[in-house]
Amino acid sequence: MPPERQLTDDLLAALNAHDVDRLGRLIAPAYHGADVSRRRACVGSEQARHEMRAWLRAFPDLQVTALDVLVEAPRVLVCWTLHGTHRGAFLNVPPTGRRVAVEGFVLLTVEDGRIAEARHLWDLAGMLRAMRLLPELPRSIAGSSPSMPA
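Described below are features of the structure shown in this document. Computed from a prediction, not measured in an experiment: that's the story for all the values here.

### Quick notes on the environment of F105
Looking at where F105 falls in the secondary structure, it is placed in strand β5 (residues 99–111). Sequence separation of F105 and V78 is 27 residues, and the distance between their C-alpha atoms is 5.5 Å. Look past the residues within four positions of F105 in its chain and what remains in contact with it is L77, V78, C79, W80, R119, H120 and L121.

### Focus on the environment of W122
Inspection of the secondary structure puts W122 in strand β6 (residues 114–122). The class for W122 is buried, based on a relative accessible area of 7%. Considering only alpha carbons, one finds W122 and W55, 67 residues apart in sequence, at a separation of 14 Å. A distance of 2.9 Å separates the side chain of W122 from the side chain of D35, its partner in a polar contact.

### Considerations on the layout of surface pockets
What the largest pocket holds in volume is close to 190 Å³. Forming the walls of the largest pocket are R38, R40, A41, Q47, H50, E51, A54, R57, A89, F90 and L91. Within the lining of the largest pocket, the residues separate by chemical class into five nonpolar, two polar and four charged.

Each value, and the rule that gives it
Residues numbered from 1 in each chain as written. Predicted model: local features only at pLDDT ≥ 70, side-chain atom pairs only at ≥ 80, totals over all residues. Heavy atoms only, no water. Helix = DSSP H or I, 4+ residues; strand = E, 2+ residues; numbered from the N terminus. Contact = heavy atoms within 4.5 Å. Buried < 20%, exposed > 50% of the residue type's maximum accessible area, 1.4 Å probe, protein only. Polar contact = N/O pair within 3.5 Å; in protein donor to acceptor, adjacent residues only side chain to side chain. 1 Å grid on protein atoms, 1.4 Å probe; cavity = no way out; pocket = protein on both sides within 12 Å on 5 of 7 lines; lining within 4 Å. Points joined across faces, edges and corners; volume = space filled by probe spheres on them. Nonpolar A, V, L, I, M, F, W, Y, C, P; charged D, E, K, R; others polar.

What follows is the structure, encoded as structure tokens:
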């Protein structure tokens, strides 16, 4: 198994165990993370730990499953699904108690055996719909694209 794949497996195991300290050890001190839900980048392993703690407060039963992992060293692309129950404030949204399932991608860059960079792209609108904060799209709009099943 390529070392980048092993690091990715270790990252997912730390996330699913809610082990923020272990997660922090997998991330480079000069880490740089960009996320669709944030205006500013996450910089440094300590800030990455802080963000993970915020996710776990908001979704205490959070679990992430890798649907697909592609490795082309030093980069790793992970297609994932996140499941959790919204029990704490998240993105300034008070707890809704709703169960969410969200899909996304992260492009990781590995340097010296640690994650140096991450670019997160995930379905924020889908999460907000699951929390019932955004309406579902009308069936006539949602099914209008030939590539989308009605």
